[in-house]
Structures are given as structure tokens and as C-alpha cells.
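Chains, contacts and geometry: an overview
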Amino acid sequence: MARNVVIGLLGTTLDSGAGRRWERWRPTVDLARHDDFLVDRFELLHTPRWASLAHIVRDDFMQMSPETKARCHEIMFDDPWDFEQVFASLLDFSHEYTFNPEEENYYIHITTGTHVAQICLFLLTEARYFPARLLQTSPPPPRHRGDPGTYRVIDLDLSKYDQIASRFGRDQAAGLSLLKAGIATQSPAFNHLIAQIEQVAARSRAPVLITGPTGAGKTRLARRIYDLKRQRRQLEGPFVEINCATLRGDTAMSALFGHVRGAFTGAGGARTGVLKSADGGLLFLDEIGELGLDEQAMLLRAIEDHRFLPVGSDREVTSDFQLIAGTNRDLRKAVHAGTFREDLLARINLWTFRLPGLRERSEDIEPNLDFELERQTQQMGTRLTINRAARQAFLQFASSPDGRWYANFRDLTAAVERMATLAPGGRINTSVVEEEIGRLRRDWDDADQSGLHNRQAGNDSLLLQEFLDREAIAQLDRFDRVQLADVLRVCKTAKNLSEAGRVLFSASRKLRKTTNDADRLRKYLAKFDLSWKRIHGRAQK
Amino acid sequence: MSNNWINENQELIEIDGSYGEGGGQILRTSVALSLVTQRPVRIKNIRAKRNKSGLLRQHLTAVLAAAKIGNAELTGAELRSNTLTFRPGKVRHGKYHFAVGSAGSAALVFQTVLYPLLSTPGKSQIVFEGGTHNQKAPPFDFLERAFLPLLTRMGAKVKLCLHRRGFYPAGGGCMTAEIEGGDLRSLSLLERGPITSRRARALVANLPANIGNREIKEICKKLEWTREEAKAEVVQSDGPGNVVVLEVASEHCAEVFTGFGARGKRSEEVAREAIRELRAYLDSGVPVGEHLADQLLIPMALAGKGSFHTVPLTDHTTTNIELVRYLLGVEIDVNTRPHNGTVRVDVRR
């Protein structure tokens, strides 16, 4: 057990006991008498002038508490009310003292000494010059005269004793839990991300960009950020969400910004638009990369000035909303390709959080499974359970390479919902799980075949990882990824560059007179910092 | 034998420390008898109903002393711990030194190590330093004048010597004990017999001598004792202290009653405290008083036989009887006499 070490100043008045030292309460000495607090070592600080009193106090301490080693230390200051002197001498002591926090608990006794000394001790402890907790003692009430009084430990680090800090801490913990929908997620990367989002949500009204694959939970997270902000009374208005991929043509503009009556053919009545609806609240624009350039320009203005023009109107409308944008595209690439405004990206890119897909958070599958089960339980109104073997079977499949989870949490939710529906008597058993695993496999196989997710999707990325590092792969568009993966596949099996070129460009070579397929392939590979030599050098090992 | 607060399995005996009076006594008796019987014990819910629950320093001191003489393995021997597991090793005689903080008491540590050492062949010399006179524990005078003569009569070879008194809170006292292991004989204390001598002492250390004089005056007045029988004494100690010790020797035993001085408490009241206890004892007509009854249980159980008449049992003693009965596997019969409420206790195998 760690030893308790108390460091304290000699109280020249109170510790003297004024001639009746065994009858009076002495703050330092009475620390020896608490039956639930054992001081293993006491470091008594005093100025040379008070050496003899310090020795009495030291000896009395050890007599009452034979388990304690009490030691005197001389420190220098002429005037105990001189802030600078007292602070300097205590600071010196803290520098010279060897702290061993692994094995010892330190307590700074702040009851003795002048108020100036107390302040200095407090400051030095708060600044961690003393890696200690504060120890405050008080005399017994008159009817308990002769008792050692009370002591109180104040830990400036542990916000427990600081009401304000503790309330802040509670809010933060509640906020984190809210953002995670109460799911005890295990993934350190994800938890770190959520902690950051909590801080940003608490302190900033700037737009937030959430990226990540489909079904990673962008909408859910946006919704929870809203709940959190609303709970903290940072928002009064509603949560409004719209998927930009569903907006086309004129309706895009009016859906976002609204229109006045008769603004265009068919515009029989006025429409408010989501930006105005979100006034005072939070607007979640999912798939923001799908937004047209005109809408982007309007949106930028609306974010910056909180003003915009509804379609067909000549009167500007104001709306003050918190924006969260979601995307599964690389917006930087879109800027490069001219389909996304650079200034808008800069504006919404202040806080970008990338939500990892389910496969990157395999440790979170279990807590999410529990969460979904609980949710189903509530929805169905009957208790839903999963036996241990079934749980293991499901989790094993879920975190294996077979668990492709193309739609991430959306897939997981659907899987649990199906199992819940099919579970006999609300009990999910292994056969229900086996059935579901089969269903998921078939779904993903279909997806692979339908080209939505190339059959080789998994293989593609494995293949790419053979030759490119993770960062380089992340820079690739899906478009390029598929193409490069196929090129690599051919290169790996071909004997040489020319053969690979012939295979890859077999269609076009029929039309051309002179062909240099090998050169064409070399140039293509060079774009990705790849070469024939490199492919075969690596592939061989 | 089963009991709702003491349970055992193959591994150890588990004792609910919150049972009955639920204090430090359960703890001390448990570890002492664990050493005697060489059976591991676990005490849970230590002092659970008390204001500050768990192990406090004075309890820890006694437990650590027992562990020291008995090479015991401890788990949970920490301040404020609620559960203590005590696995006894071999008890060894030798020279020991136990420092007791002022809140503790040398007498309580002495009692904890006494029986394991008495039950083991060999001889020990033990120095106890710290508190010897503390309101919450038997004072040295009680051990020396009331308890030890009876223990000696049972065949125990124990010597106690007080070198310096250590009053609460300053402590700084010193007491030595010589304990030689050996068998105990049975003892029967059913009659008090006529009173042979009376003595009152008012001990004063580092306080005005007047305190002692006032106490003696009160004793002489209330009890009608002579000035020969009652004397004030100035004693040496590191800190201030005052205690009134009333001693009554009768044909078959002696009893000691004390009153402690405290700040703000009138000297006369200190004297009256001891007088009240003494009178209750004298009126009951039994040989054994409340505290002595408590102390006789273990040696009689170790001897395998013993009887005494005493005043109505306290919770403290009832709890102790159950514990001793279980841990030492003896029968302890308690019979209350209907006409005056006094109690006959018979210990047998």
C-alpha cells in the first residue's frame, strides 16, 4: 500500500499549544491521532527561528503515532506575510524534495501557516510543483473537546471536490454517453473521436463535417450532436435533415432555400425550405458532395451571413442554424475535379470527423449488438435474449473477413431486426444466427455481383495493399481503385510488361497501327509510383 | 455447529464482524483464536454499523501484532478495510516490541497476543509502548489486580509490569509482559466470599494535585472508606492524565473499577463514575464483574472447564460467548437467576 506523506508548515501559534500542549488542539500534532488516517511520514517545514518548537512538535507527533517518521526541514523567509519570499522558499523546497508518487501519497497540510503561506501552498499544489492533495484540518467542536478534530482531503486534480469541475465532468460524461447512444464502445479510435466531437459540440457553433462510409452512422451522430446541444441549451430550434443526393434541378434550390408562390411553373404555393426550417436549430446536409454548384454558392452565403434568397423572391431571408454536413466522398478530390467549391469546403472543413466503418471497429460490434438487441426489445415490447453460443457464433462471423458489412451499422441493425423477428419466443439461438449469417453472405455476394460492390472489393483492397500504403490507397477514387486493382491483377499473372499490356489494351490495339502497350502500361503504373519491377519484386516475396 | 453469523467452509471460517456489538473485539478474538486453533478466518463487514466502518488504526495494530507472533498471512489489512483474511502460521515465542499509537491501547494488543503465546510452548518477552490508560480499553490496573491473579490461579505463567503510564492522548507509556506457554487449569468462581481489603487510588499526572484530592474526598464521602484506604498519587507520564482506580479484594477474587478524567469533567464526577460501577458490583453479590466476565471466557474455554457467577451479560459478552463457543468448540451454558438477574456461566467441553 502506498505510504502517506504529509508536508506541512509549523503553525507557530496553534502548534505551540500555548503552554498546555496536550490539552489544546494542535493542527499538526493532532494529525497523528486520527484513527482512520495513518501518516507514514511527516515533513515539517519551519524557519530557523522556530526550530525548538518544531522539534517538540515532531517528537510529540511520533509519540502519539509511533508508526510515523516525522522530520523537520528548515526553510527561509523573514516575513511570513511576504508573498514573494514565502512562495520562493516553498518553491525551492518543492524542487529539492524527491517525490516518489508511485509509492507515496502526498498531502499538503494547509491549515497551519499564514494565509499567505496557505495561498502559496495552494498555488504550488495546483501547478503540480507538489504532486499532492491538500489536507485541511479543523478543531473538534466544543462538546468533543480533546478529540483530534476532523480532516478533509481536497484533490485539485480529482474534480470530485470541485463542484464546478465536477458538474462539468458529469455533463461531459453524459454528453459522451449521449453521443454514443449509451453504447459502451470499445474502439479507442472511435472513443477518442467522440470525445473530440463532444468538446467541439460543447464549445463551437462552427460547421462540422462528418465523413465516412455509408451506414457508418453519420445521420445518427448528427442527430445526437443535436440532442446534446439541445440538452445544453445551445440550440432551441429543430433538427432538420436532408439528403442532397435526392435533390435535383429546381426542386433542389427550393427544397433548400424555399420559394415564393409562383416562382416557377408548378410553384403553386410558397415553400419554406430546409434552411429556414432549421432556424435556431441544426441542419444536417447528408451527401453534401452531391449538391450542385449553384446551391453550393447559396449555401456558402447562408452559412457565412445567415442570409439567402428564396427562389423567385427579392427579399432575403435570415436563418441562423448550426450546420453539419455529411459525405462519403473525398471532397478535396471533388474540388480538384471542379464539382465542389473550394471556399465552401474550407468553410465546412473546420471540424472534420471521419467515422470509421464497422469493419474498422470490430471491437464495437458486441456493444452495438447489445444496443440493437435492447432497442428491438423496446420496440417489440418483449424481452429479447441471445444465448451464449449464438452470440459467439454471430460475433465470430461479424468480425471475420467474411463479415463484409458493406452498409456498416445499417447492415447490423437490419441483421438484428431480422433475428429478433425470427427468434422463437424472443430467444435468439444458434440456428437463427446461422440462418442470418447465410442471409448476410448471400446479400453481400449479390452486392458484389451486381457491381455495387465489386466482387473483388475485398480482394481489390487486399491487392492494392500489397503494393501501396494505406495513405496512398485512401487518396484513390473508387474509380481508380477498381481500375488499378484489375491492372495489378493482370500484371501479377503476366510474364512481362508487354504481355500485360497486350491483355489490358487488347481492344484498342486492334484499331491502332502502331502500338506500344507496354509503354502505355508503364506510364499508367508510374502515375501511382509503381513499376513492373516493383510489382514483381514484391509479389515474389 | 452452525451459526448465522459464523460460517465455515473447507478453507476458512467466515465471521460477520457487524454482528452483535460489532466492534473491534470480534476482530481481536477472531485473530487470536485463529492462531490458537491454527484455522484461517475471514472477518467481513468489519465494524459495518459503526460511524467509521472498517479497520481503524488501533484494530490494525492488534491484527498486525497477532500476525507478527503467528507468522500469519494477511489480506485486507489496511485502514478502513471491510474484510480481513487471516491465515495463521506457526506461533513463535521470542522478544517482541509493539508500538501502540495513543488512540490504541497496550492492553488490547496484549490480550490479542496472550492466548496464542499461552497455547504454544516457549517463553516471550514483550514490550508494549504507547497508550496504557485509555477510556475505551481495560486499564493496566485492571489487568494487574483483577485479571492476572485469576489467570495465574489457572496455571498461566504471565508477568506484567508497568514502567510508565501512557494516558490518552499523549501516550508514551511502557508496559512489559512475560508470557510462558503451558496448559491452563479449570477455575470455578461461584462465590465472592467476604471482602478482605479495599483500596482507592486517584492517579494524577501533569495536572494540579488538587484533582486527586477532590476525587479521594468524594470516594471517602460516598463509600465511607477511610483515608487509609483511599489515596491520591502523583504519577509520572509524558502527558496529562487522571484516573480513579477502585479495588475490592474478596476471599476468592479481586475486582477493579475505574473512572477517567477528561477535560471539562468535574473531579467528583470522575470519582462517581467508578463508584457507580463498584456499587453495582457489590450489590449484585457475584464475584465477577462485567469486564472480568468477558476476560475469563477464553482462558476457561482453553482450560476446557470453568464456571463463574456474574452480573447480567452485556451484548459485548454475549457476542464474545458465541464466538468463543464456536471457534474453540466448547459448550458455554448461560443461566440467569430469576430472582436477581445475575448469571451463571459454565464452560465445558
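In what follows, the accompanying structure is described. All values derive from a computational prediction rather than experimental measurement.

1. Considerations on the sheet that holds strand β7 (residues 123-130) of chain B
Pairing between sheet strands relies on hydrogen bonds along the backbone, with the strands arranged either parallel or antiparallel. Residues and elements named next belong to chain B. Across the sheet, which stays open at both edges, the four strands sit in the order β6-β7-β9-β8 with mixed pairing between neighbours. Two strands in the sheet have a free side with no partner beyond their single neighbour: β6 (95-99) and β8 (157-164). Strand-to-strand twist of the sheet, defined as the mean angle between neighbouring strand axes without regard to direction, takes the value 15 degrees. Where β8 meets strand β9 (residues 173-180), seven bridges bridge the pair, whose relative direction is antiparallel.

2. Details of the packing of aromatic side chains
Aromatic ring pairs are reported here in terms of the distance separating the ring centres and the angle at which the planes meet. Following the criterion strictly, the structure yields 22 aromatic pairs over all chains and no others. Between Trp405(A) and Trp444(A), the ring centres sit 5.1 Å apart and the planes meet at 70 degrees, which makes this aromatic pair edge-to-face. Taken together, the positions of Trp405(A) in the loop between α13 (388-399) and α14 (408-422) and Trp444(A) in helix α15 (residues 430-449) put the pair 39 residues apart, joining distant regions of the chain. Positioned above the aromatic ring of Trp22(A) is the side chain of Arg26(A), whose terminal nitrogen or guanidinium carbon lies 5.1 Å from the ring centre. Across from the ring centre of Tyr281(B), 4.8 Å away, lies the NZ or CZ of Arg192(B), which sits over that ring.

3. What to know about the sheet that holds strand β7 (residues 208-211) of chain A
All names here are of chain A. The five strands are arranged β8-β9-β12-β7-β13 in an open sheet whose pairing can be described as parallel. Bordering the open sheet on either side are β8 (239-243) and β13 (351-354), each of which pairs with just one other strand. Strand after strand, the sheet turns through a mean of 15 degrees between neighbouring axes, direction not considered. The sheet strands contacting helix α6 (residues 218-231) are β7, β8, β9 (282-286) and β12 (322-327), and the helix crosses β9 at an angle near 170 degrees.

4. Regarding the pattern of salt bridges
Side-chain pairs of opposite charge can arise where the charged atoms are in close proximity. One pass over the structure, following the stated rule, counts 53 salt bridges over all chains. The residue Glu268(B) makes a salt bridge to Arg266(B) at a minimum N-O spacing of 3.2 Å. Glu268(B) sits in the buried class, given a relative accessible area of 13%. Overlapping salt bridges bring together Arg3(A), Arg41(A), Glu43(A), Arg71(A), Glu103(A) and Glu104(A) as one network.

5. Observations concerning the interface of chain B and chain A
The interface is formed by 24 residues belonging to chain B together with 20 residues belonging to chain A. Of the roughly 1,900 Å² buried between chain B and chain A on both sides combined, carbon and sulfur atoms contribute 48%. Scanning the region where chain B abuts chain A turns up five salt bridges. Of the charged contacts in the structure, one is a salt bridge between Asp36(A) and Lys52(B), with a shortest N-O distance of 3.9 Å. The interface formed by chain B and chain A includes 14 residue pairs in polar contact (both at pLDDT 80 or more). Take the side of chain B that touches chain A: its biggest share by element is three residues, from helix α2 (residues 57-70) of chain B. Across the side of chain B that touches chain A, the residue classes break down as 10 nonpolar, eight polar and six charged.

6. Structural notes on α6(A)
Residues and elements named next belong to chain A. When the terminal C-alpha atoms of α6 are compared, their 20 Å separation across 14 residues agrees well with the 20 Å that a helix rising 1.5 Å per residue should span. Looking only at α6, the buried set comprises Lys218, Leu221, Ala222, Arg224, Ile225, Tyr226, Leu228 and Lys229. Two residues or fewer past α6, arginine 233 is found with a positive phi of approximately 55 degrees.

7. Description of the packing of helix α18 (residues 478-493) of chain A against helix α21 (residues 517-527) of chain A
Residue and element names in this part refer to chain A. For the pair α18 and α21, the least separation of the axes is 12 Å and the interaxial angle reads 125 degrees. On the basis of the axis angle, α18 is oblique to α21. Our pair here, α18 against α21, has a crossing hand that is left-handed. Contact residues: Asp480, Gln483, Leu484, Val487 and Cys491 in α18; Leu521, Tyr524 and Leu525 in α21. Its residues placed into classes, the contact of α18 with α21 shows six nonpolar, one polar and one charged.

8. Quick look at the environment of Gly338(A)
Relative to the elements of secondary structure, Gly338(A) occurs in the loop between α10 (331-336) and α11 (342-348). When the C-alpha atoms of Gly338(A) and Leu293(A) are compared, they prove to be 9.1 Å apart, with 45 residues separating the residues in sequence.

9. Details of the nonpolar core
Counting residues in each nonpolar core, the largest one holds 105 residues, and the members touching the most others are Ile15(B), Phe110(B), Phe128(B), Ile219(B) and Leu246(B). For this core, the leading source of residues is helix α3 (residues 106-118) of chain B, giving nine residues. Mapped onto the domain boundaries, this core takes at least three residues apiece from domain 1 (6-189 + 288-348) and domain 2 (195-283) of chain B. Every residue in contact with Phe110(B), bar those within four places of it in the chain, is listed here: Phe128(B), Leu143(B), Val158(B), Leu160(B), Met175(B), Ala177(B) and Ile179(B). One finds Leu275(A), Ala302(A), Ile303(A) and Ala325(A) within the second-largest nonpolar core, a separate group that totals 33 residues.

Here is what the cut-offs are and how they apply
Residues numbered from 1 in each chain as written. Chains lettered and ligands numbered in written order. Predicted model: local features only at pLDDT ≥ 70, side-chain atom pairs only at ≥ 80, totals over all residues. Heavy atoms only, no water. Pairing = 2+ DSSP bridges. Helix = DSSP H or I, 4+ residues; strand = E, 2+ residues; numbered from the N terminus. Axes fitted to C-alpha atoms, helices over the stretch in contact; angles between N-to-C directions. Phe/Tyr/Trp six-rings, centres within 6.5 Å; stacked < 30°, edge-to-face > 60°. Lys NZ or Arg CZ within 6 Å of the ring centre and 35° of its normal. Contact = heavy atoms within 4.5 Å. Salt bridge = Lys/Arg side-chain N within 4 Å of Asp/Glu carboxyl O. Buried < 20%, exposed > 50% of the residue type's maximum accessible area, 1.4 Å probe, protein only. Buried area = accessible area lost by both parts, 1.4 Å probe. Polar contact = N/O pair within 3.5 Å; in protein donor to acceptor, adjacent residues only side chain to side chain. Nonpolar A, V, L, I, M, F, W, Y, C, P; charged D, E, K, R; others polar. Expected span 1.5 Å × (residues − 1). Parallel < 35°, antiparallel > 145°, perpendicular 65-115°, else oblique. Left-handed = near helix turned anticlockwise from the far one by under 90°. Core = buried A, V, L, I, M, F, W, Y, C linked by side-chain atoms within 4.5 Å. Domains from an automatic or database assignment.

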